[in-house]
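Residue-level structural notes
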Amino acid sequence: MEPSVAFAADSPPLSVIAAARVAGVVLSTDPSLPSGSDPVLRLASGETLQGTNSLLRYIGQFAALPNFYGQDTFEEEQINKWLEFSSTFLSGSEFETACAHVDGHLTFRTLLVGFNLSIADIAIWSALAGTGQRWESLRKSKKYQNLVRWFNSILTEHGDALNEVTAAYVGKRGLGKFPAGNTKGTVSSGSSKETNVRSLPKENAGGFEVDLPGAKVGEVCLRFAPEPSGYLHIGHSKAALLNKYFAERYQGRLIIRFDDTNPSKESNEFVDNILKDIETLGIKIQKVTYTSDYFEDLNKMAEKLILEGKAYVDDTPREQMQKERMDGIESRCRNNSVDVNLALWKEMIAGSERGLQCCVRGKLDMQDPNKSLRDPVYYRCNLVSHHRIGSKYKVYPTYDFACPYVDSIEGITHALRSSEYHDRNAQYYRILEDMGVRNVQIYEFSRLNMVYTLLSKRKLLWFVQNGKVDGWDDPRFPTVQGIVRRGLNVEALVQFILQQGASKNLNLMEWDKLWTINKKIIDPICPRHTAVIEERRVILILENGPEKPFVRIVPRHKKYEPAGQKATTYTKRIWLDYADASSITDGEEVTLMDWGNAIVKEIKKEDGIITQLVGVLHPEGSVKATKLKLTWLPEIEELVHLALVEFDYLIKKKKLEEGEDFLDNLNPCTRWEIPALGDANMRNLKRGEIIQLERKGYYRCDVPFLRPSKPIVLFAIPDGRQQAS
């Protein structure tokens, strides 16, 4: 017996039926349940599943389409959020708000989650189609162009299946409002011809149309190669996410490789946290390698080049060598015999006193206008123990020497590099040629620079070592962990990075753009709470207020049910912010949010400072008629203490000019706390939870409630309209 889905005839689960039809899952339909019933899936085994979203997840797991329920846990979580959100379209008053939210999300995306059609897309698509003429009217307008583009692209790909389903279940007035007819039947397995075909997307999540030169679907191999000398920052994120994008676009592989060639700067702490950051960015780690895996082979390659006269050992002092390179002057060691070079090479390998005076240089062209080709350094001695292999080696390859070799050996087809390395591309290709290994194609993109921000790991390390910040995850830092701790949703970072695409133009980006994207993501779903600044807070006595406090259970977010509920206590004495109290005039009618109107009859002051307000509730008053809408807290013992933490940039200048010392531009005050009181429901906040304090802004919980004497620590999240670090 094939599975069947039973439902009420006046509310067919359009998304379930459409998903089954598109995904090639056979379901028979039975519109015989009473009105108001949730859909039920009856399996051949006799088991049942109930509820639209449960049925969609079942179909997602057994679909013929790839990654229909996401390719990993991260995507599954994103899909689940969209399934919950899809019900918002059923609320007539919230329909256009929901449209605007999805339209904003799709600004730089082809699909809702990842790079494959998912049950999230079908759920939202069906929610729109299910409104009948209301959506069709909007679809013809130019109001939500991204949403319409996305809707039409899905209809184009799966038109046969979707048109059949909507024709059967959707009338002009919407879902289930169709002239009576025979709706009992089967959702066939004959999915549209595109069901089992994974084609290259015509558009992509970044809103840019870029191809890798010579790339073939299924044959692309890329690498993201950070040095484990610090945590990943927003600049590294661009490289990582572009690699991820192209790997998925071409159904290729992405290798994570640690460029661990400088033991003086590197540590296992940085390796572990970089891996953590990569997972935070939503990059599925398929393979991790280390340049140190190839040290023995690289040593042999260096010796081979010495034997072939393509490299030599030089003991010129470093400063003199730099000057000679700038001036195009050949080193006196350049024409040493192979025997002399090999002897010095062995001294270097042994880490002897003589070897420590030397380095290995490539014999390229000291007269080339491109100074990167003027006999670059290939190897240096370093007696510091390596974080992975200890003291086995005394010589280490430079990045310029190791990178092209390992790229070639690991089968990398395209090496993505920021355009700051442009002058060294010729060096990269020349080294590959001298080594006699397979060629690798370089693909350039522009480096990401942010205003008021240092991205040099050396400079960031100074702040850590000198106690100017709490660590690499400090919210003032541009590291992935820092900006996430500040309250950035990773999806916002992904959108921000891919919005710029693979452009080669150098840009100095404003943080406000990133935080604006973040607000669009968190605002529709983050719970609402209330806080009052402790300093000089003012009591308002409501003469006709409740003699005994009473409690109402209200939504934490009026437009997003999954945010849950909270308890609000109503009392005769309530707290107001001093700033609000000082803006009220005698006899003014104000609105107390989530309660009603009140008329302030008396304002008491001492030495010009407001100490108390007296008023009466005025439930008949119109909210539309008042100028002031005020947040408030009841005067009860259960209120919690808060520390509202604000941040500023670490440096005072938007951009440091070449030669400017960042130490001369430090911002003297970059963090401050504002004591406040919060509603009792905030005792349940978890670390990392993002909320909105009504009329104050967005905050991330960094330290949750522990005990009454210890404040809950909330980090202010910029919203794109204010100064943001």
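Residues numbered from 1 in each chain as written. Predicted model: local features only at pLDDT ≥ 70, side-chain atom pairs only at ≥ 80, totals over all residues. Heavy atoms only, no water.

1. Details of the pattern of salt bridges
Any two side chains of opposite charge can pair, on the condition that their charged atoms come close. How we decide: Salt bridge, as used here, is a side-chain nitrogen of Lys or Arg placed within 4 Å of a carboxyl oxygen of Asp or Glu. Only DSSP runs of H or I reaching four residues or more are called helices, and only runs of E reaching two or more are called strands; each is numbered from the N terminus. Each residue is assigned to one of three classes by its accessible area relative to the maximum for its type, calculated with a 1.4 Å probe on protein chains only: buried under 20%, partly exposed between the two thresholds, exposed over 50%.
Here the structure, examined in full by the defined rule, presents 38 salt bridges. Among the ionic pairs, Asp 315 bridges to Arg 332, the shortest N-O distance being 2.9 Å. A residue pair is termed long-range when its members are at least 10 positions apart, and Asp 315 in the loop between strand S11 (311-314) and helix H12 (318-327) and Arg 332 in the loop between H12 and helix H13 (338-350) qualify at 17 residues. With relative accessibility at 15%, the residue Asp 315 sits in the buried group. Close ionic contact of Arg 700 with Asp 702 constitutes a salt bridge, the shortest N to O distance being 2.9 Å. The network of salt bridges with common partners includes Asp 473, Arg 485, Arg 687, Arg 700 and Asp 702.

2. Examining the domain arrangement of the protein chain
For the record, the criterion: Delimitation of the domains relies on an automatic or database domain assignment. A contact between two residues is defined here by any heavy atoms of the two lying within 4.5 Å. What gets called buried area is simply the loss in accessible area from a 1.4 Å probe that two parts show on being joined, summed for both. We call two N or O atoms a polar contact when they sit within 3.5 Å, provided that within protein one can donate a hydrogen and the other can accept it, with sequence-adjacent residues counted only if both atoms are side-chain atoms. Under the grouping applied here, Gly and all other residues not named as nonpolar or charged are polar, the nonpolar ones being Ala, Val, Leu, Ile, Met, Phe, Trp, Tyr, Cys and Pro and the charged ones Asp, Glu, Lys and Arg.
For the protein chain, the domain assignment lists domain 1 (4-170), domain 2 (221-290 + 448-521), domain 3 (293-402), domain 4 (538-576 + 578-630) and domain 5 (640-717). Computed over C-alpha atoms only, the centres of domain 2 and domain 3 are separated by 31 Å. Counting from both sides, the interface comprises 14 residues of domain 2 and, opposite them, 13 residues of domain 3. For the pair domain 2 and domain 3, the summed buried area comes to about 1100 Å², and 51% of that belongs to carbon and sulfur atoms. The largest share of the area that domain 2 buries against domain 3 comes from Thr 261, Pro 263 and Tyr 290, three residues that together contribute 50% of it. The tally of links between domain 2 and domain 3 comes to zero salt bridges. The interface formed by domain 2 and domain 3 contains four residue pairs in polar contact (both at pLDDT 80 or more). Sorting the residues of the side of domain 2 that touches domain 3 by element identifies helix H10 (268-280) and strand S10 (287-290) as the ones contributing at least two each. Taken together, the residues of the side of domain 2 that touches domain 3 break down into four nonpolar, six polar and four charged.

3. Considering the sheet that holds strand S32 (residues 690-693)
To be explicit about the condition: Pairing between strands is defined by DSSP: at least two bridges between the two strands are required.
Spatially, S19-S32-S33-S34-S30-S31-S20 is the arrangement adopted by the seven strands of the open sheet, whose pairing is mixed. Only two strands of the sheet have a single partner each, and these edge strands are strand S19 (528-529) and strand S20 (531-533). Both strand S30 (residues 640-647) and strand S31 (residues 671-678) contribute to a ladder of eight bridges, which runs antiparallel. Bridging from a neighbouring strand, Val 645 pairs with Glu 673 of S31.

4. Looking at helix H11 (residues 295-307)
Quick note on the threshold: By this rule, a helix spans an expected 1.5 Å times one less than how many residues it contains. To be clear, the arc concerns the directions from the helix axis to the C-beta atoms.
With 13 residues, H11 should cover 18 Å at 1.5 Å per step; its first-to-last C-alpha distance of 18 Å lies within 8% of that length. Within H11, burial applies to Phe 295, Leu 298, Asn 299, Met 301, Ala 302, Leu 305 and Ile 306. The buried side chains of H11 occupy one side of the element, clustering within an arc of 160 degrees when seen end-on. At the exit of H11 stands Gly 309, carrying a positive phi of roughly 75 degrees.

5. Some remarks on the packing of aromatic side chains
The description of an aromatic ring pair uses the distance of the two centres, along with the angle that the planes make with each other. How we decide: When two rings of Phe, Tyr or Trp (its six-membered ring) have centres within 6.5 Å they constitute a pair, described as stacked for plane angles under 30 degrees, edge-to-face for angles over 60, and tilted for the intermediate range.
Following the criterion strictly, the structure yields 32 aromatic pairs and no others. Measuring from ring centre to ring centre gives 5.6 Å for Trp 82 and Phe 85, while their planes differ by 90 degrees; the resulting arrangement is edge-to-face. Of this pair, Trp 82 and Phe 85 are both found in helix H3 (residues 73-85), three residues apart, which corresponds to roughly one turn of the helix. Of the two residues examined, Trp 82 and Phe 85, each falls in the buried class.

6. Describing the nonpolar core
Just so we agree on the cut-off: Put simply, buried Ala, Val, Leu, Ile, Met, Phe, Trp, Tyr and Cys residues joined by side-chain atoms within 4.5 Å make one nonpolar core.
Judged by nonpolar contacts, the single largest core of 59 residues is most densely connected at Ile 59, Phe 68, Phe 89, Leu 128 and Trp 150. When residues in this core are grouped by element, the largest group, nine residues, is from helix H5 (residues 119-129). Apart from the residues within four sequence positions on either side, Phe 89 is in contact with Phe 95, Ala 98, Cys 99, Val 102, Ile 124, Ala 127, Leu 128 and Thr 131. Core analysis: the next-biggest nonpolar cluster, separate from the first, contains 53 residues, Phe 115, Ile 283, Tyr 443 and Val 494 among them.

7. Brief notes about the pairing of strand S2 (residues 27-33)
Most of S2 is tucked away, with five of its seven residues classed as buried. Two strands pair when backbone bridges link them, and strand S1 (residues 4-8) and S2 are joined in this way by four bridges, in the parallel orientation. Across the sheet, Val 5 pairs through a bridge with Thr 29, a residue of S2.

8. Looking at unusual backbone geometry
For Asp 594, which is not glycine, the phi dihedral falls at a positive 65 degrees. Relative to the helices and strands, Asp 594 resides in the loop between strand S25 (589-592) and strand S26 (596-606). Using a relative accessible area of 40% as the deciding quantity, one classes Asp 594 as partly exposed. Non-glycine residue Asp 607 carries a positive phi angle of around 55 degrees. Relative to the assigned elements, Asp 607 resides in the loop between S26 and strand S27 (609-617).

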